[in-house]
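The primary structure of each chain is shown beneath.
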Amino acid sequence: MSDIQFTIDGKECTAGKGQTIVDAARENGVYIPTLCNYQGMKPAGTCRMCTVKVGGRTMAACTTPAAPGMVVESNTPEIEDMRKAIVEMLFVEGNHMCPTCEKSGNCELQALGYRYTMMVPRFPYLWPVRDVDASSPKIYLDRNRCVQCLRCVRGIVTADGKHVFGLVKRGNKTIIDIDGELAAGLSEEQAKKAMDQCPVGAILRKEVGFTVPIGKRKYDTKPIGSSL
């Protein structure tokens, strides 16, 4: 694999041919925040948290391959405020009751809220009316917390290639739905994978809750992005 030389905020970085900016940044010790992106999964570019500037143009770093001589701007006040605005929009367009959510402390959206010191969002809360699908034997689907990152749609697939989750409806009425028959056949391992791949608390396992105490959750001691 040939190495590509490029820079992120002035730091010299290398990437393999076809490697995205996000993946290359991670390997070069540079954190670019993401929500819809998940290692090992084909990028979708849906959330735009990884927005960067290349040649003065904004683009999603998770779907843009690094190129020779590319100059990437990431940690600038303008871009960081853009990312903070995305976090705020995701909070106000859903119903995120963090103190009562089992994913609290392990939630990537919540961790990004802390990273960007979100206090009072600049947008009004919408308080949408959304339901909870508890029909599956092993998992809940709580659409109040869903940010439509599509990780579940892309990542939870049966052995014969059928998607357990999918999108239904259009525009601002689009929601994640679950195939009841396929969900009924989820193994414990698949149910755990569905919950773990969800960056928020939209997918939770039944009869297994609050197993990790406060103080030992993923982001209790280390803020998101601090591992790089």
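What you see is a predicted model, and the numbers here were worked out from it, not measured in a lab.

## Digging into the pairing of strand 2 (residues 11-16)
Inference 1: Examined bridge by bridge, strand 1 (residues 3-8) and strand 2 share six bridges and lie antiparallel to one another. Paired with Asp-3 across the strands is Gly-16, a residue of strand 2.

## Comments concerning the state of the cysteines
Inference 1: Per the stated rule, a full pass over the model turns up zero disulfides.
Inference 2: In this model Cys-198 remains outside any disulfide bridge; the closest cysteine sulfur is found in Cys-149, 6.0 Å from its own.

## A closer look at the packing of aromatic side chains
Inference 1: All told, the structure shown has one aromatic pair when counted by the stated rule.
Inference 2: When the ring of Tyr-125 is compared with that of Trp-127, the centres are 4.9 Å apart and the planes differ by 15°; the resulting orientation is stacked.
Inference 3: For Tyr-125, a relative accessible area of 37% corresponds to the partly exposed category.
Inference 4: Just above the ring of Tyr-116 sits the side chain of Arg-115; from NZ or CZ to the centre is 5.9 Å.
Inference 5: A cation over an aromatic ring shows up here: Lys-206 above the ring of Tyr-140, its NZ or CZ 5.3 Å from the ring centre.

## Regarding the pattern of salt bridges
Inference 1: Enumeration over the complete set of coordinates arrives at 14 salt bridges.
Inference 2: Close ionic contact of Arg-26 with Asp-23 constitutes a salt bridge, the shortest N to O distance being 2.9 Å. You can see Arg-26 and its partner Asp-23 sitting in helix 1 (residues 21-27), three residues apart, about one turn around the helix.
Inference 3: By relative accessible area, Arg-26 is classed as partly exposed at 23%.
Inference 4: Taking the relative accessible area as the measure of exposure, Asp-23 reaches 27% and is therefore partly exposed.
Inference 5: Two residues, Lys-192 and Asp-196, come together in a salt bridge whose shortest N-O distance is 2.6 Å. Here Lys-192 pairs with Asp-196, and both are found in helix 6 (residues 188-197), just four residues apart, close to one helical turn.
Inference 6: Exposure remark for Asp-196: the relative accessible area of 38% places this residue in the partly exposed category.

## Quick notes on helix 6
Inference 1: Three or more residues of helix 6 are buried, namely Ala-191, Ala-194, Met-195 and Gln-197.
Inference 2: Where helix 6 is buried, its residues meet strand 7 (139-142), helix 4 (151-155), strand 8 (165-168) and strand 10 (203-205).

## Quick notes on the sheet that holds strand 6 (residues 132-133)
Inference 1: The strand order across the open sheet formed by three strands is 6-7-10, and the pairing between neighbours is antiparallel. Across the chains shown, the open sheet's two edge strands, defined by having one partner strand only, are strand 6 and strand 10.
Inference 2: Across three bridges, the pairing between strand 7 and strand 10 is antiparallel. Of the residues in strand 10, the one forming a bridge with Tyr-140 is Leu-204.
Inference 3: Packing of helix 6 onto the sheet brings it into contact with strand 7 and strand 10, and relative to strand 10 it is tilted by some 140°.

## Describing the layout of surface pockets
Inference 1: The volume enclosed by the largest pocket comes to roughly 1000 Å³.
Inference 2: Looking at the largest pocket, it is lined by 39 residues, and the ones nearest its centre are Asn-106, Glu-108, Asp-196, Lys-218 and Tyr-219.
Inference 3: Elements supplying a minimum of two residues to the lining of the largest pocket: helix 1, helix 6 and helix 7 (218-221).
Inference 4: The class makeup of the residues in the lining of the largest pocket is 19 nonpolar, nine polar and eleven charged.

## Concerning the pairing of strand 3 (residues 51-54)
Inference 1: Of the two faces of strand 3, both are covered, the one formed by Thr-51 and Lys-53 as well as the one formed by Val-52 and Val-54.
Inference 2: Sheet topology note: the strand 3/strand 4 (residues 57-60) ladder contains four bridges and is antiparallel. Paired with Val-54 across the strands is Arg-57, a residue of strand 4.
Inference 3: Connecting strand 3 to the antiparallel partner strand 4 that follows it, the hairpin turn spans two residues, and Gly-55 within it adopts a positive phi of roughly 60°.
Inference 4: Here strand 3 runs beside strand 5 (residues 71-73); their pairing, made up of two bridges, is antiparallel. The residue of strand 5 that forms the bridge with Val-54 is Val-72.

Calculation rules
- Residues numbered from 1 in each chain as written.
- Predicted model: local features only at pLDDT ≥ 70, side-chain atom pairs only at ≥ 80, totals over all residues.
- Heavy atoms only, no water.
- Pairing = 2+ DSSP bridges.
- Helix = DSSP H or I, 4+ residues; strand = E, 2+ residues; numbered from the N terminus.
- Disulfide = S-S within 2.5 Å.
- Phe/Tyr/Trp six-rings, centres within 6.5 Å; stacked < 30°, edge-to-face > 60°.
- Buried < 20%, exposed > 50% of the residue type's maximum accessible area, 1.4 Å probe, protein only.
- Lys NZ or Arg CZ within 6 Å of the ring centre and 35° of its normal.
- Salt bridge = Lys/Arg side-chain N within 4 Å of Asp/Glu carboxyl O.
- Contact = heavy atoms within 4.5 Å.
- Axes fitted to C-alpha atoms, helices over the stretch in contact; angles between N-to-C directions.
- 1 Å grid on protein atoms, 1.4 Å probe; cavity = no way out; pocket = protein on both sides within 12 Å on 5 of 7 lines; lining within 4 Å.
- Points joined across faces, edges and corners; volume = space filled by probe spheres on them.
- Nonpolar A, V, L, I, M, F, W, Y, C, P; charged D, E, K, R; others polar.

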